[in-house]
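# Fold and geometry: a report
Residue strings, one per chain:
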Amino acid sequence: MASLQQPPVQQQAQRAVSLIFPFDPDIRRASTVPARLYTDPVYLELERERIFAHTWQLVGRTEQVSESGMFFTAQVGNDSIVVLRDRDTLRSFYNVCLHRAGPVAYGCGKRQTLQCKYHGWTYNLNGELLRAPEMEGVERFTPEDMRLRPVAVASWGPLIFVNLDGKAPPLEEMLGTIPGRVAHFGCESMRYVMRKEYELACNWKVYVDNYLEGYHIPVVHPSLHKEIDYDSYRVEPHRYSSIQHAPLRPMPAGGGAERKYDPAKSDAGEAVYGWIFPNIMLNIYMGQMQTNVILPVSHDRTVVAFEWFAANPPADPATDPDWSRLVAFSDEIQDEDIEICETVQRNLRSRVYDRGRYSAKRENGVHHFHSLLHEFLT
Ligand code: FES
Ligand SMILES: [Fe+2]
């Protein structure tokens, strides 16, 4: 009977997944994810329900809620949420009024109560309904029993995450070994520098797949290939996360005039490229961190949001020469990735392609992501 109550779109997708997505945990035997998971809109609805509503999503920064009453809103899948500070406590709620689903907050700001922008019902920072004007005479209406629906919220360093699933494993479990591995990088005290968003004509998973392997570096990123030691590149999967190691290539004898980074200088060689299922990347260097959040807009459109943090932020990143160089190099790599991701998305619609095979040596990170997809979807 339960399945009769599900929306038809979900029923269809469930059937489709169970029928067409067998997955082999052994990478040597496995085929990649079927093309239709990237091209059919039905799967995005299923992913929003089964993946995005059950995983920790990076939605903002602690400095946005540094004082009691400060708040910001964010979108998680189809749900609008609000994150706020109530004295020492970080809280998050669905941004949905209990009256007729109006918004209790817009954008960001600082207030000591949340007043719905429709008919003015007012909630305190703990989510309790304080005032509901002109409701006298309404039966079985007890404001004391009514409160905004809470959302799990947690922070790590300058980053704030929420989870729509109150029973999900704690954030620490999703972050895996990343915090321990970067303890000496000082992420806790890094401050926000700048944000950049890119909109891509591809499914969100095409971008994540591409991030999780270094296999494409020699062909797609010739200038990056000059900097890194490709033979030592490896991906280390954990339960819900993975870490990529991409050490810098040693300097050739006599120096490398064309090289951007000198591995002998200033800890440049050390970096941790962390990925957290399903859509968060933390690229951490000595004194600097870049976060990437991959947000599906539709089945074939994706926003990639980059935010940069630094131990010593430049006064103005737009005019700081070191910072401009860093962003220009990041843009160059990003442009190369965008071009290949958009082309792959078009080709995934080809009548001749369905599933491919993995390089067991180079694509264990992609296979790991796909095994989590399979686990959450089925
Ligand atoms: S919907 Fe919020 S007060 Fe009416
Ligand atoms: Fe790339």
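Scroll up to find the structure this text is about.
### What about the side chain of Q334?
Topologically, Q334 is positioned in helix α9 (residues 321-348). Exposure remark for Q334: the relative accessible area of 2% places this residue in the buried category. Those residues within four positions of Q334 in sequence are excluded, and the remaining contacts are Y198, Y207, V304 and F306.

### So, the state of the cysteines
Taken as a whole, this structure holds zero disulfides when the rule is applied. Of the cysteine sulfurs around C202, a residue in no disulfide, the closest is that of C341, at 4.9 Å. Accessibility expressed as a relative area gives 0% for C202, which makes it buried.

### Examining the sheet that holds strand β10 (residues 159-163)
Read from one edge of the open sheet, three strands run β1-β10-β9, paired in antiparallel fashion. Lying at the two open borders of the sheet, with one neighbouring strand each, are β1 (57-61) and β9 (152-156). Sheet twist, expressed as the average angle between the axes of neighbouring strands with direction ignored, equals 35 degrees. Summarising the sheet, β1 and β10 pair through four bridges and their orientation is antiparallel. Residue pairing across strands places G60 opposite I160, the latter belonging to β10.

### A short note on helix α10 (residues 364-377)
Count 3.6 residues to each turn of an α-helix, and residues three or four apart come out pointing the same way. With 14 residues, α10 extends 20 Å between its outermost C-alpha atoms, agreeing within 8% with the 20 Å of an ideal straight helix rising 1.5 Å per residue. Summarising burial for α10: ten of the 14 residues are buried, a large majority.

### So, the coordination of the iron ion (ligand 2)
Coordination sphere of the iron ion (ligand 2), protein contribution only: H216 (NE2), H221 (NE2), D337 (OD) and D337 (OD), at 2.1 to 2.6 Å. For the iron ion (ligand 2), the four donor atoms are set out with angles of 54 to 152 degrees between them, so the coordination reads as irregular. Mapping the donors of the iron ion (ligand 2) onto the primary sequence gives the spacing H-x4-H-x115-D. In this pair, H221 sits in the loop between α7 (217-220) and α8 (222-227) while D337 sits in helix α9, placing the two residues 116 residues apart along the sequence.

### Details of the packing of helix α6 (residues 204-211) against α10
Close contact between α6 and α10 brings their axes to 8 Å; oriented N to C, the two are set at 140 degrees. Our classification of the angle between α6 and α10 gives oblique. The two elements α6 and α10 meet at a crossing, and its hand is right-handed. Of α10, the residues touching α6 (which contributes W204, K205, V208 and D209) are V366, F369, H370 and L373.

### Comments concerning unusual backbone geometry
In this model, F277 is joined to P278 through a cis peptide bond whose omega is 0 degrees. If you trace the backbone, P278 turns up in the loop between β14 (271-276) and β15 (280-285). A positive phi is found at R87, a non-glycine position, where the angle reads about 55 degrees. A positive phi angle, close to 70 degrees, is found at A101, a residue other than glycine.

### Observations concerning the sheet that holds strand β4 (residues 89-94)
With antiparallel pairing, four strands are arranged side by side in an open sheet as β4-β3-β2-β5. A strand with exactly one partner marks an edge of an open sheet, and here the two such strands are β4 and β5 (108-110). When the angles between neighbouring strand axes are averaged without regard to direction, this sheet yields 25 degrees. In this structure, strand β2 (residues 70-76) lies alongside β5, joined through three bridges in antiparallel fashion. If you follow F72 over to β5, its bridge partner there is C108.

### Observations concerning the side chain of T291
Among the structural elements, T291 can be located in strand β16 (residues 288-298). Judged by its relative accessible area of 2%, T291 falls in the buried class. Setting aside anything within four residues of it in sequence, one finds T291 in contact with L58, L159, M281, L282, A305, F306, E307 and F309.

### Notes on the nonpolar core
Counting 69 residues, the largest nonpolar core has W156, F161, W275 and I284 as the members making the most contacts within it. Formed jointly, this core draws a minimum of three residues from each of two domains, domain 1 (57-163) and domain 2 (178-377). Grouped together as the second largest cluster of nonpolar side chains are 17 residues, C97, Y123, L129 and M135 included.

Quick notes on the rules
- Residues numbered from 1 in each chain as written.
- Chains lettered and ligands numbered in written order.
- Predicted model: local features only at pLDDT ≥ 70, side-chain atom pairs only at ≥ 80, totals over all residues.
- Heavy atoms only, no water.
- Helix = DSSP H or I, 4+ residues; strand = E, 2+ residues; numbered from the N terminus.
- Buried < 20%, exposed > 50% of the residue type's maximum accessible area, 1.4 Å probe, protein only.
- Contact = heavy atoms within 4.5 Å.
- Disulfide = S-S within 2.5 Å.
- Pairing = 2+ DSSP bridges.
- Axes fitted to C-alpha atoms, helices over the stretch in contact; angles between N-to-C directions.
- Expected span 1.5 Å × (residues − 1).
- Donors = N, O, S within 2.8 Å, 3.2 Å for Na, K, Ca; no water.
- Tetrahedral: all angles 85-135°; square planar, octahedral: opposite > 155°, others 65-115°.
- Parallel < 35°, antiparallel > 145°, perpendicular 65-115°, else oblique.
- Left-handed = near helix turned anticlockwise from the far one by under 90°.
- Core = buried A, V, L, I, M, F, W, Y, C linked by side-chain atoms within 4.5 Å.
- Domains from an automatic or database assignment.

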